[in-house]
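# Residue-level structural notes
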Amino acid sequence: MSLGKYLKVFDIGLQNTFVYRWNFLLRSLFGFVPLAGTVFIWRAIFAERHGGIGGYSYASMIYYFLLTLLVNNLVAPSEDEWQIAAEIRDGLISAFLTKPLNYLGHRASLFLSNRILYTAVTIGPVLLVFAYFRKDVTLPAHGVTWLLFAVSLLMAAFIQFFIAYALAMMAFWILEISTIVFILYSFEYFLSGQTFPLDIMPAGLQAFLKWLPFTYELFFPVAVFLERMRGTPLYTGLLIQAGWFFATWMIARGMWRRGVAHYQAVGG
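For clarity, every value in this text was computed on a predicted model and none was experimentally measured.

All right, on to the overall build of the chain then. Helix and strand counts for the chain stand at 12 helices and 0 strands. The buried share among the 268 residues of the chain stands at 47%. Within the chain, residue pairs in contact and separated by at least 24 positions form 79% of the contacts whose partners lie at least 6 positions apart. Carbon together with sulfur atoms contributes 69% to the accessible area of the chain, which is approximately 13,900 Å² in total.

Attention now moves to the nonpolar core. Counting residues in hydrophobic clusters, the biggest one holds 74 residues, and the most contacted among them are I93, Y103, F161, Y165, M169, F172 and W256. Taken together, the elements giving at least two residues each to this core come down to α3 (32-49), α4 (58-75), α5 (80-89), α7 (103-132), α8 (143-168), α9 (178-191), α11 (219-225) and α12 (231-265). With 14 residues, the top contributor of residues to this core is α8. Filtering out sequence-adjacent residues up to four positions away, I93 remains in contact with E87, I88, Y103, F172, W256 and Y263.

Glancing now at the side chain of T248. Take T248: it is sitting in helix α12. For T248, a relative accessible area of 5% puts it in the buried group. If we ignore the near neighbours within four places in the chain, the residues touching T248 are I159, F162 and I163.

Here we take up the pattern of salt bridges. Summed over the entire model, instances satisfying the criterion amount to 3 salt bridges. D80 is the partner of R107 in a salt bridge, and the nearest nitrogen-oxygen pair spans 3.9 Å. In this pair, R107 sits in helix α7 while D80 sits in helix α5, placing the two residues 27 residues apart along the sequence. By relative accessible area, R107 is classed as buried at 3%. On the accessibility criterion, D80 (4% relative accessible area) is buried. With its nearest N and O atoms 2.9 Å apart, the salt bridge here joins D199 to R228. Of this pair, D199 sits in the loop between α9 and α10 (203-209) while R228 sits in the loop between α11 and α12, and the two are 29 residues apart along the sequence. Connected through salt bridges with shared partners, the residues D80, E87 and R107 form a single ionic network.

It is worth spelling out unusual backbone geometry at this point. A positive phi angle, near 60°, is found at E227, a position not held by glycine. Turning to its location among the elements, E227 is positioned in the loop between α11 and α12.

Quick look at α8 now. An ideal rise of 1.5 Å per residue puts 38 Å on 26 residues; α8 measures up with 38 Å between its terminal C-alpha atoms. With respect to burial, α8 is a largely interior element, 19 of its 26 residues being buried.

For α4, which comprises 18 residues, the first-to-last C-alpha distance of 26 Å matches the rise-based estimate of 26 Å (1.5 Å per residue) to within 8%. In terms of burial, α4 is a largely internal element, 13 of the 18 residues being buried.

About the criteria used
Residues numbered from 1 in each chain as written. Predicted model: local features only at pLDDT ≥ 70, side-chain atom pairs only at ≥ 80, totals over all residues. Heavy atoms only, no water. Helix = DSSP H or I, 4+ residues; strand = E, 2+ residues; numbered from the N terminus. Buried < 20%, exposed > 50% of the residue type's maximum accessible area, 1.4 Å probe, protein only. Contact = heavy atoms within 4.5 Å. Areas by Shrake-Rupley, 256 points an atom, 1.4 Å probe, with all protein chains shown as cover. Core = buried A, V, L, I, M, F, W, Y, C linked by side-chain atoms within 4.5 Å. Salt bridge = Lys/Arg side-chain N within 4 Å of Asp/Glu carboxyl O. Expected span 1.5 Å × (residues − 1).

This is the structure in structure tokens:
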């Protein structure tokens, strides 16, 4: 059965990832260091302004960054692009060309297993941080928000994965992809909402950013959970995010086909 193959890959991914559970835990713990710096910075900013910023109070701003920490743990690929590029560079990809296994499906199964186990290992420390800031935490008031958040979160995860996968495909043409990855991830870090909420930016810039995929990798699902997206902007955002989900999926598949054709043409 076709699905059974990918479930087996998923299971193998869980077993392999579990070997590095302490690495995940330490990574999560040290991931709180930037959060502490963020808290101090925004505390100083709000102390000077004596008022809100873009509709955020100090408490809601801290809550926003708590959620970005959680969402980033849930959806961000963990070195997938480097692993895929290494398989291409070392010729290990040849084995997949002779197997009845879709490579994108194979890597997606490993990505899901990695995210699930990473979340299981790190959720404890994350919840402790939420407990510490519990006075700033307000859960969504509407049940449908939880559903829309889950849908948006899943699409955000795969948009990030498909982008990482497509980037890794560049290894078919160039030996070292690190510069390309660094450039794209620099834009992603700034424009996905990790540095600051995108809705505090000027309206004109927000109107431009809403058409880019970066918005839907992190900021949008967080904004959905905070119920800062309602009505038409919410459903328009979900449609755009779904568009990027399918677009990045098609780009990932297209890059694979072109890469394999080039690989075979040069005698890989």
